[in-house]
Every structure is written in structure tokens, then in C-alpha cells.
Amino acid sequence: MISDKEQRIIDARLKLRARFKEKIAATPSLTDNEPQGSGNTNRHGMPQLPVGQHETNKWPVLDLGIHPEVTTAEWSLELTGACEGAKLSWADFQRLPIVSDTSDFHCVTTWSRMDIKWKGVRFSEIAALALPNEDASHVMCYASDGYSTNVSLTEAMKDDVLLAFEADGEPLAKEHGGPVRMITPQLYAWKGAKWINKIEFMTSDKAGFWEQRGYSMSAYPWRNDRYS
Ligand SMILES: Nc1nc2c(c(=O)[nH]1)N[C@H]1C(S)=C(S)[C@@H](COP(=O)(O)O)O[C@H]1N2
Ligand SMILES: [Mo]
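Residues numbered from 1 in each chain as written. Chains lettered and ligands numbered in written order. Predicted model: local features only at pLDDT ≥ 70, side-chain atom pairs only at ≥ 80, totals over all residues. Heavy atoms only, no water.

Visitor: Is there a simple way to explain the environment of Val 61 in this structure?
Guide: Structurally, Val 61 can be placed in the loop between β1 (54-55) and β2 (76-81). Along the backbone, Val 61 and Met 1 are 60 residues apart, and their C-alpha atoms lie at a distance of 46 Å. Aside from chain neighbours lying at most four places away, what touches Val 61 is His 67, Glu 175, His 176 and Lys 194. (Helix = DSSP H or I, 4+ residues; strand = E, 2+ residues; numbered from the N terminus. Contact = heavy atoms within 4.5 Å.)

As C-alpha cells, then:
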């Protein structure tokens, strides 16, 4: 027997998908035939880079300089704001459907790391658990180092947006946001909070840490959309 709450989460998942399907299909990463830069958006398997980016094989560490020690036993994720809300423990999180996906990582400081093999849970799964209000349109993601960043639900609901806990076959290293971080492969990497601990659903867009300091609210690498 499926509980009333479980049924409502299933309904929320379907409803969110339906609400954002057309909006997602209309985003630059899916509609630009000739984005700024050298090739197709999201590469479609082609070894190409957004304008102003160069490929690095190393994985630089970029953050505010604080690397919080978060064990899986201590970690939790609060879902709050314009939603019914929930709080997930690591065990709750690990019971969600786990997916593998290979995607690129574009830092606004001009390096890109291509083809990272991620393992994680889709943001869209987590969003359903929150039971968002009908008018929720954006999220603010918060992290244990005090960082925050805003993402539209249209972008966050894409299938390659994960709360990732493995990269290239290894548990996500602490300096890269372990035990779990968000990734936003279609946006510059600052939109993916390392050490993520809270997702706030919002009914309008608000600026996060870097956005308050002049970085773009939308952050499309394939449009060279770095600053606002
Ligand atoms: N919590 C937190 N997440 C963060 C940041 C940060 O300072 N704190 N920096 C962002 C920026 S600017 C980038 S480019 C990527 C870098 O991820 P990496 O250090 O794993 O390369 O994380 C993003 N997520
Ligand atoms: Mo960055």
C-alpha cells in the first residue's frame, strides 16, 4: 500500500515535469543553433567549448576558501520556502533513485573540465519531495560554507542537474563539495553549490552570493552570459 504522502509526491513529480517541460525545451541550451562559441550547445558529443573557455584536465578547486568538514552522518538537506518542505538525512537521500551522467563543468574564470562522470540524485526527484507550491519559480541553494546561489526551476529541473556524491568513480572529495554538491552542466559551475545543505523554493528570482556581486542571474556559458 502506498501512503497518501507517497501518492502526493508522485503527483508532484508528474505535475512539476508537466509544468516545466515546455519551458525547458525553450531554454538557450536546447534552442540555440549557433550559440556564441565554437559549437553546439551541450556539445552533442562534439569536443567543443563555449566562447572564452579553455579545457583543463586538472580539476581546480574554486570557492570562498572554507572547506567545511561534513560527514554523511551529520549531513542533512532542508527543503524549505514556497513548498510543504521536508528534511532529508543521508539515508533518506541514498534511498532516492540514483543516476549516472557524464557532463561538462564550465567555470566562469574560463576553465572547463569536460566529461566528468557523475553519480547522484536528480534535482527533480528532490524537488518532488518538497511538494512545491504552484507558483514556485526559482530556488536558492545554500551550503555549509555560507555560500548561496539562485537557479530557476526551469534550469534546475533538467535531467542533468544532480545532487552528486561521486565524480569519476570516486566519492566526491571534500574540496569539491563532498559528501554532496549540486551540479548544473548547462550553466556556469558557480550555480552548483558544494556542501549543499538547504534548498529554498522561491516565487521570484533573488540574487545569491556571486549574483549580488555582479555575476549573471542566468549564467548560460553558451551565451557568454557571465555578468549582469
Ligand atoms: N559552497 C560553495 N559552492 C560553490 C562555491 C563556493 O565558494 N562555495 N564556488 C562555486 C564556483 S565559483 C565554482 S567554479 C565551483 C567550483 O567547483 P570545484 O571547486 O569543485 O571546481 O563551485 C561552485 N560552488
Ligand atoms: Mo567559478
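Additional details are given in the paragraphs that follow.
Visitor: What should I look at first to understand the pattern of salt bridges in this one?
Guide: Side chains that carry opposite charge are capable of pairing whenever their charged atoms lie near each other. Summed over the entire model, instances satisfying the criterion amount to 12 salt bridges. Note that Lys 194 is salt-bridged to Asp 63, the shortest N-O span being 3.1 Å. Here the residue Lys 194 occupies a position in the loop between β10 (181-183) and β11 (196-202), and Asp 63 occupies one in the loop between β1 and β2, the gap between them amounting to 131 residues. The residue Arg 122 makes a salt bridge to Asp 159 at a minimum N-O spacing of 3.7 Å. Taken together, the positions of Arg 122 in strand β5 (residues 111-122) and Asp 159 in the loop between α5 (153-156) and β8 (162-167) put the pair 37 residues apart, joining distant regions of the chain. A residue is classified by how much of its surface remains accessible, and Arg 122, at 27% relative accessible area, is partly exposed. What makes Asp 159 partly exposed here is its relative accessible area of 40%. (Salt bridge = Lys/Arg side-chain N within 4 Å of Asp/Glu carboxyl O. Buried < 20%, exposed > 50% of the residue type's maximum accessible area, 1.4 Å probe, protein only.)

Visitor: What's the story with unusual backbone geometry in this structure? I'm lost.
Guide: Among all residues save glycine, negative phi is the norm, and among peptide bonds the norm is trans. Backbone torsion omega between Gly 178 and Pro 179 reads 15°, so that peptide bond is classified as cis. Relative to the helices and strands, Pro 179 is located in the loop between β9 (170-171) and β10. With a phi close to 95°, Thr 110 is a non-glycine residue in the positive phi region. Residue placement: Thr 110 occurs in the loop between β4 (99-106) and β5. Given the relative accessible area of 28%, Thr 110 is considered partly exposed. One non-glycine residue, Leu 131, lies in the positive phi region at around 50°. Relative to the helices and strands, Leu 131 is located in the loop between α4 (123-130) and β6 (138-143).

Visitor: Sorry, what's going on with the side chain of Ser 148 here?
Guide: Its location among the elements puts Ser 148 in strand β7 (residues 148-152). With sequence-adjacent residues up to four places away left out, Ser 148 is seen in contact with Met 140, Cys 141, Tyr 142, Gly 208, Phe 209 and Glu 211.

Visitor: Can you walk me through the packing of aromatic side chains in this structure?
Guide: Aromatic rings in a pair are described by how distant their centres are and how their planes are angled relative to each other. Counted according to the given criterion, the structure contains 15 aromatic pairs. Judged by centre distance (5.4 Å) and plane angle (85°), the rings of Trp 75 and Trp 90 are edge-to-face. Of this pair, Trp 75 sits in the loop between β1 and β2 while Trp 90 sits in helix α3 (residues 90-94), and the two are 15 residues apart along the sequence. Note on accessibility: Trp 75 and Trp 90 belong to one class, buried. The interplanar angle of 40° and the centroid separation of 6.2 Å between the aromatic rings of Phe 105 and Trp 118 together place this pair among those described as tilted. Here the residue Phe 105 occupies a position in strand β4, and Trp 118 occupies one in strand β5, the gap between them amounting to 13 residues. When sorted by exposure, Phe 105 lands in the same class as Trp 118, which is buried. The side chain of Lys 198 reaches across the aromatic face of Tyr 142, ending 4.5 Å from its centre. Here the basic side chain of Arg 213 rests over the ring of Phe 209, its NZ or CZ set 3.7 Å away from the ring centre. (Phe/Tyr/Trp six-rings, centres within 6.5 Å; stacked < 30°, edge-to-face > 60°. Lys NZ or Arg CZ within 6 Å of the ring centre and 35° of its normal.)

Visitor: What should I look at first to understand the site of ligand 1 in this one?
Guide: In the vicinity of ligand 1 there are 20 residues, among which Pro 60, Asp 145, His 176, Arg 181 and Lys 194 approach most closely. Trp 59 places a polar side-chain atom, nitrogen or oxygen, 3.0 Å from an oxygen atom of ligand 1. Considered on its own, ligand 1 offers 530 Å² of accessible surface; in the complex 99% of this is hidden by protein. If you map ligand 1 onto the pockets, it falls in the largest pocket. (Near = heavy atom within 4 Å. Polar contact = N/O pair within 3.5 Å; in protein donor to acceptor, adjacent residues only side chain to side chain. Areas by Shrake-Rupley, 256 points an atom, 1.4 Å probe, with all protein chains shown as cover. 1 Å grid on protein atoms, 1.4 Å probe; cavity = no way out; pocket = protein on both sides within 12 Å on 5 of 7 lines; lining within 4 Å. Sits in = over half its atoms within 2 Å of the grid points.)

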